[in-house]
Amino acid sequence: MRKILFLVALSVLLCLTVFSASAYENEEYYKGSEGTTINVFNWGEYISDTYEDGLVDVNAEFEKLTGIKVNYVTYESNEDMYPKIKNGGASYDIIIPSDYMIERMISEDMLLEIDVSSLPNYKYISEDYRNMYYDPESKFSVPYNVGMVGLIYNTKMVEERPTSWTALWDERYAGKILMIDNPRDAFAVAQKILGYSLNSTDEKELADVAQLLVEQKPLLQGYVMDEIFNKMESGEAAMVPYYVGDYVLMKQVNPDLDFVYPEEGVNIFVDAVCIPKGAQNYEAAVKYINFLLDPEIALSNALYIGYATPNTGVLEHPDYAEMRESKYLYPSEDEMPDVEYFRNLPQETLLMFSDLWNQIRIHGTDNTHIYIGFGVVAAVAVGFAVKKAITRRRREYWYDFPEA
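Residues numbered from 1 in each chain as written. Predicted model: local features only at pLDDT ≥ 70, side-chain atom pairs only at ≥ 80, totals over all residues. Heavy atoms only, no water.

Now for the environment of Glu25. Its place among the elements puts Glu25 in the loop between helix 1 (2–21) and strand 1 (37–43). As a C-alpha pair, Glu25 and Pro120 span 95 residues in sequence and 8.7 Å in three-dimensional space. Beyond its immediate stretch of four places on either side in the chain, Glu25 contacts Tyr30, Asn121, Lys123, Tyr124, Asp294 and Pro295. (Helix = DSSP H or I, 4+ residues; strand = E, 2+ residues; numbered from the N terminus. Contact = heavy atoms within 4.5 Å.)

Pasting the structure below:
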């Protein structure tokens, strides 16, 4: 037994030695900032931080290569990150917001320009993810991850494979349906059913959406975020709208789970790396972004996080073949759902979202309270549209990537 353990340990050591000995691209590029510090602000569990399962600790590798110390802090949502940057309460050199939040921060002059010609590894960013709507000239952000929202369901509890978001209103599953506990994603489901844009600012349309969510409420087991994992993995709930990357982790625990992109269409999102104004170490921040684009580093992140990648070096890597062939992360042209990005909405619409959502959550099926929200919008924002407040958990066993 001890011999076996020794051989296993030796093989792991050899793997790490081989990796450490392999040079990253443009190694000379990273010299000159030794002894400095970079402050990184990112989503929880949104970077590879282990040497297990063939992965690497990205921040440790960056420190080893550059001599730059990484102070790494996490947040739970775009809305948690935004005020910390806006109010200048802390100084960060790197942040990784989502598309609509990047659009907002650009409009409020909160980001520094990034000269992508100074990033040798920018060549690996697919043309499909350059000059995106939220950053039309690719001046303020570098794409990091791509994902979509779909419907997760338990094949043992749901009688037939759902094709529509309306499955979340099916009375046969009363008490077994979960709903995302934030206004932007919850409204998106109802907006797609009604044929409205995810970025509607029309008061009547938002009232229609709120009414539909009120009608759903008696069928729900509850509104959840982090609890989604335990409830779906344990078989306590039958279905929930959620993110494809997180479905993968749940599937590994409960093989009865499956995933579908509803026919009405879904939200697609891009998270990207930015440098906020007030950054204290711009030079190191640029080097850090370039390092994240290195194919070996980007591969480790892609395997760890589980979302689709905009990095062509990863897409062409043999170790990414299993994930690249996933019909969920990379649907074929025939299987690709209709997609729509969230946009940054006017302040009055964001307040309306928050007020209507609070009315739905507090007052249940008392419809009169829904419409009060239009006349009495809170003077202080209760909170803006929330995307993905979930703290992601570590992915494992990517080479058994689940399919239907």
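In this approach a probe as big as a water molecule rolls over the atoms, and the regions it shows empty are the leftover space. Under the defined criterion, the tally for this structure stands at three cavities of 30 Å³ or more. Taken as a whole, the largest cavity holds about 130 Å³ of empty space. Forming the walls of the largest cavity are 15 residues, and the residues nearest its centre are Tyr144, Leu292, Ala298, Thr309 and Pro310. Counting residues per element, the ones that place at least two in the lining of the largest cavity are strand 4 (142–154), helix 9 (282–293) and helix 10 (295–305). Residue composition of the lining of the largest cavity, grouped by class: 11 nonpolar, four polar and no charged. Estimated volume of the second largest cavity: approximately 80 Å³. Residue lining of the second largest cavity: Val149, Trp165, Ile180, Asp185, Ala188, Val189, Lys192, Leu198, Gly265, Val266 and Asn267, and that is the complete set. Mapped onto the lining of the second largest cavity, the elements with two or more residues apiece are helix 5 (183–194) and strand 9 (266–273). Sort the elements by how many residues they give to the lining of the second largest cavity and helix 5 lands first, with four residues. Looking at the lining of the second largest cavity residue by residue, the classes come out as seven nonpolar, two polar and two charged. (1 Å grid on protein atoms, 1.4 Å probe; cavity = no way out; pocket = protein on both sides within 12 Å on 5 of 7 lines; lining within 4 Å. Points joined across faces, edges and corners; volume = space filled by probe spheres on them. Nonpolar A, V, L, I, M, F, W, Y, C, P; charged D, E, K, R; others polar.)

This brings us to the packing of aromatic side chains. Tallied over the full model, the rule gives 25 aromatic pairs. A ring pair is formed by Phe62 and Tyr288, whose centres lie 5.1 Å apart and whose planes are at 85°; its orientation type is edge-to-face. Separated by 226 residues along the polypeptide, Phe62 in helix 2 (residues 58–66) and Tyr288 in helix 9 bring together distant segments of the chain. We note that Phe62, like Tyr288, is buried. Three or more aromatic residues link up through ring pairs in this structure, and these residues are Tyr24, Tyr29, Tyr30, Phe62, Tyr288 and Phe291. A cation over an aromatic ring shows up here: Arg104 above the ring of Tyr82, its NZ or CZ 4.0 Å from the ring centre. Taking NZ or CZ as reference, Arg184 lies 5.7 Å from the ring centre of Tyr100, over its face. (Phe/Tyr/Trp six-rings, centres within 6.5 Å; stacked < 30°, edge-to-face > 60°. Buried < 20%, exposed > 50% of the residue type's maximum accessible area, 1.4 Å probe, protein only. Lys NZ or Arg CZ within 6 Å of the ring centre and 35° of its normal.)

Counting buried residues in helix 8 (residues 244–253) gives eight out of 10 residues, a clear majority hidden from the surface. Residues of helix 8 that are buried: Val244, Gly245, Asp246, Tyr247, Val248, Leu249, Met250 and Lys251. Buried positions along helix 8 lie against strand 4, helix 7 (227–233), strand 7 (239–243) and strand 8 (257–260).

Further remarks concern the packing of helix 5 against helix 6 (residues 203–216). To describe two helices that pack against each other, one gives the angle between their axes and the distance between the axes. Between helix 5 and helix 6, the shortest axis-to-axis distance is 9 Å and the interhelical angle comes to 105°. Classified by the interaxial angle, the pair formed by helix 5 and helix 6 is roughly perpendicular. For the pair helix 5 and helix 6, contact is made by Ala186, Phe187, Ala190, Gln191, Ile193 and Leu194 and by Leu206, Asp208, Val209, Ala210, Leu212 and Leu213, respectively. Residue classes in the contact of helix 5 with helix 6 are distributed as 10 nonpolar, one polar and one charged. (Axes fitted to C-alpha atoms, helices over the stretch in contact; angles between N-to-C directions. Parallel < 35°, antiparallel > 145°, perpendicular 65-115°, else oblique.)

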